[in-house]
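Okay, here's what each chain looks like letter by letter:
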Amino acid sequence: MTAETDPRARAGTYIAPQGLYEQNKALPFLGRVSCRRKQLVAGEWTELELVYEVGAVGLADGAWLKLAFKFYSDWALFQTSDPTGANYVSAEYHAGPLRPGQSPSTVQGLKVRFDQKGHERPFQKAIIIDVVDGYLNPGDRIVIRLGDRRQGGGGTRAQSFVEKNFRFRMFIDPLGSSKFAEVPGDCILDIVPGAPLVSALVMPRLVAPLLPFDVVVRLEDVWGNVCRDQAPRGELHLTDPAGGVQSQPLEFSLDGWSVARVRNVRLEREGEWRFEVLVEGIATPAVGFAQVEPLTQALRPLYADLHVHSHDTVGTNDTFYNLAYGRDVAALDVLGYTVNDFNIKQADWERAVEIIAGLNEPGRFVCYPGTEWCGNSSAGGDRNVVFLGEGKPRFPFDAEGRSVRSFEWNELTAEAIRPGVWPADELYAAYADDPENHLLIPHVGGRRCILDWHHPELERLVEVGSSWGQFHWFYTDALSRGYRVGASAAGDEHQGRCGGGAPATAVFGSRGGLTGVLADSLDCASVGRALRARRTFATTGERSFASLSFGASWMGEVVSAKLSEPLTYRLLGDQGWEQVQLFDAERVIWSRDLNAEVGLSERKLRVRLAGARIKDRYRAANWVGEITVTGAAILDVRGIGFDHPEQRAWREDATTVGFTTATHGDTDAIELTLSSLAGVEIEVRGAITGYVKVGDALQPPPHVHAPQFSLKATGADLLERRCTRALSGIELEVTIERVTEGALPRDVGGEIDLSPLGLAKGVEHPLFITARQRDQSRIWTSPVFLTPVG
């Protein structure tokens, strides 16, 4: 800096700390944040230290800072009340060196809190640090320890899913005005998968004789992440219906995802084939089943995830990664790329549409572009728009240049928000002229759909399940209103694991769902027609199969007929079906209890916990409790339907089993094997808590409508019936029941005589089947819309 360029040359004579000007000018104005770690294993326990160096701007008395990360992350909730406990977060002030004549900072301390929505989307989760009673000088440091172990704490559990370039971003309020500035240079970490724990087998459940199909085997870590760069020896064993066995080696990729694909498998012998995967170093084989038989009406079951996010709009990893994962790892037949319509940048959208066009391959993989219209619930609520037709999608502008977004806002938006198509009425108007090329799917996620709005030509399906939870109530609500809609389920997960991916531990707490589509061929047009015809079923992520028909009429169809013919159903699963129910809209009119049919045990019982607290975004019911058994010995305890390692049941002592889990509309269970039910008394009790937005993570807020629960039963009670207590919430209940020790059937079907079921003549009845397997997975068919006559 010369005399000509140094502003001080114009200042005249003055007093200032020696050398401080040069020091401050060498610092970034807003400071910098750093972290020594560059990589974490998904779900690992660690202490992570980040350092913020105050920039030339300094920090005023009353200033505050936010260390933020993206909302979809399921990093364990930080707490600030117990320094000896897990996930304790601390912030510590360290003064920098003083220049001659410089006064020291006057800050008295730092106060730390954690808020899950403490900043703007997408960097909403925030560790908030308040400067207490004083200011900070440039060059001072704030050391932030995530999972501070210095007082004996266990560290912090990192995000459980894989992410390239996970970011911590620092925002500062330098003037104490609550106006935040972004500190340039994020702390970037790669979160990578752990060691292989299990193998997963992906294959169709129903195939026609000699119809070629692929079998995919992937290696997963304890959190359900697909491993990378692992190529152990493996074999696939096929057992035909007559007991004959054949095998072939599996070749896992050593570079990239640890996936093996066996191409063009053809099975000729009709019946059920058993597939078993043996992999070196993995103790438990993966097992799957394929039923080989001619397909009804030559309709091939395909599996779709029509709701897949990428980092274009708060998903994890880039668009190509997510779409390629759907095709190559999840082995989907059909994928629907989805962007939050208000959030997507036009250049990112256009690039994604190009990628989708390049991935579409008739006969192998169908991929549709789509958006999520993000209207608030009061304006209609979330609805996906799937662009089924060829050519350029009608987004973000229509042919006349009118915006078809709900509105436009992302982290780069500076101007005021202006509405586009808002409310849902205007969304319908944007696409109603071409319904055959557009499919709208109302769904329950964040801004849940309100069914006060409905367009019968555009909205042909509703989403009954996703990573947000299971929404049987939403499906029956739509049908009870007289809407002709079919069943779909999707991922809507933001963790980069589409196609029935593993749940996270936060708001996306359920396994992503799948839509089964019965189409005559695998291409965009045929699949689109099948979706709009409601020729679908929905699963909770499994490759199960379901069909429902009335005479020649398939599920999804509208029919008027006499009740002289039965309703025909078919279910194929892998864990064994335990319950089948026929619904007329919201009303159960027929059911089967397969546990009872096989034979209820005299010593095995189950405690089921089910439902959600509320219908809206933060719906999880967090259950913590215990089961007390007196009068018999507890011989075995097993968790059923738990979603991840932090949901568990354990023995506390000879008479007590503890448990902690969360349900988002799904069902979790604990199975107990007792020495006998005679003279036994059983009590289930505990607490239900909800979402911790801000405050002490160790003291979550109670579910105000049912903060405590309890249910008692005796062995004599259970020999007569199951015992259930409904709780205030959404399908929220606790049940104690007996189950079978025998093998439940994987293939269930039959005919249902409708004549004694009280179906009113001249009234349309939406009849659908839902069923549950032993592992608490579920399936729903689309309805047959039947009007009895005669």
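One can find the structure itself at the top, above this paragraph.
My aim in this report is to walk through the structure given alongside it, one point at a time. This one's a predicted model, so the numbers in the text were calculated from it and none came from an experiment. (Residues numbered from 1 in each chain as written. Predicted model: local features only at pLDDT ≥ 70, side-chain atom pairs only at ≥ 80, totals over all residues. Heavy atoms only, no water.)

## Here's the deal with the state of the cysteines
Note: disulfide means a covalent bond formed between the sulfur atoms of two cysteine side chains.
Point 1. Taken as a whole and judged by the stated rule, the model has zero disulfides.
Point 2. The thiol of C374 is not disulfide-bonded; the next cysteine sulfur, from C449, is found 12 Å away.
Point 3. Residue C374 is classed as buried on the basis of its relative accessible area of 2%.
Point 4. According to the relative accessible area criterion, C449 is buried, its value standing at 1%. (Disulfide = S-S within 2.5 Å. Buried < 20%, exposed > 50% of the residue type's maximum accessible area, 1.4 Å probe, protein only.)

## Points about the sheet that holds strand β9 (residues 141-146)
Point 1. Spatial ordering of the open sheet is given by β1-β4-β9-β6, a layout of four strands whose pairing is antiparallel. The strands lining the two open edges of the sheet, one partner per strand, are β1 (32-35) and β6 (89-94). Taking the axes of each pair of neighbouring strands and ignoring which way they run, one obtains an average angle of 20 degrees across the sheet.
Point 2. Bridge count between β6 and β9: six bridges; the pairing is antiparallel. When the sheet's bridge partners are listed, S90 is paired in β9 with R145. (Pairing = 2+ DSSP bridges. Helix = DSSP H or I, 4+ residues; strand = E, 2+ residues; numbered from the N terminus. Axes fitted to C-alpha atoms, helices over the stretch in contact; angles between N-to-C directions.)

## Quick word on the pattern of salt bridges
Point 1. Using the criterion set out here, one finds 60 salt bridges in the structure.
Point 2. Notably, a salt bridge pairs R169 with E182, separated by 3.8 Å at the nearest N-O pair. Taken together, the residues R169 in strand β11 (residues 163-173) and E182 in strand β12 (residues 181-182) connect sequence positions 13 residues apart.
Point 3. A relative accessible area of 14% places R169 in the buried class.
Point 4. A relative accessible area of 39% means that E182 is categorised as partly exposed.
Point 5. Between E578 and R606 there is a salt bridge, and its shortest N-O distance comes to 2.9 Å. (Salt bridge = Lys/Arg side-chain N within 4 Å of Asp/Glu carboxyl O.)

## Observations regarding helix α3 (residues 346-359)
Point 1. A rise of 1.5 Å per residue sets the reference length of α3, with its 14 residues, at 20 Å; its end C-alpha atoms lie 20 Å apart and thus fit the reference within 8%.
Point 2. Those residues of α3 lying buried are D348, W349, A352, I356 and L359. What you see down the axis of α3 is that its buried residues fit within an arc of 100 degrees, all on one side. Turned more than 90 degrees away from the buried face of α3 sit E354, A357 and G358, all of them exposed. (Expected span 1.5 Å × (residues − 1). Arc of directions from axis to C-beta.)

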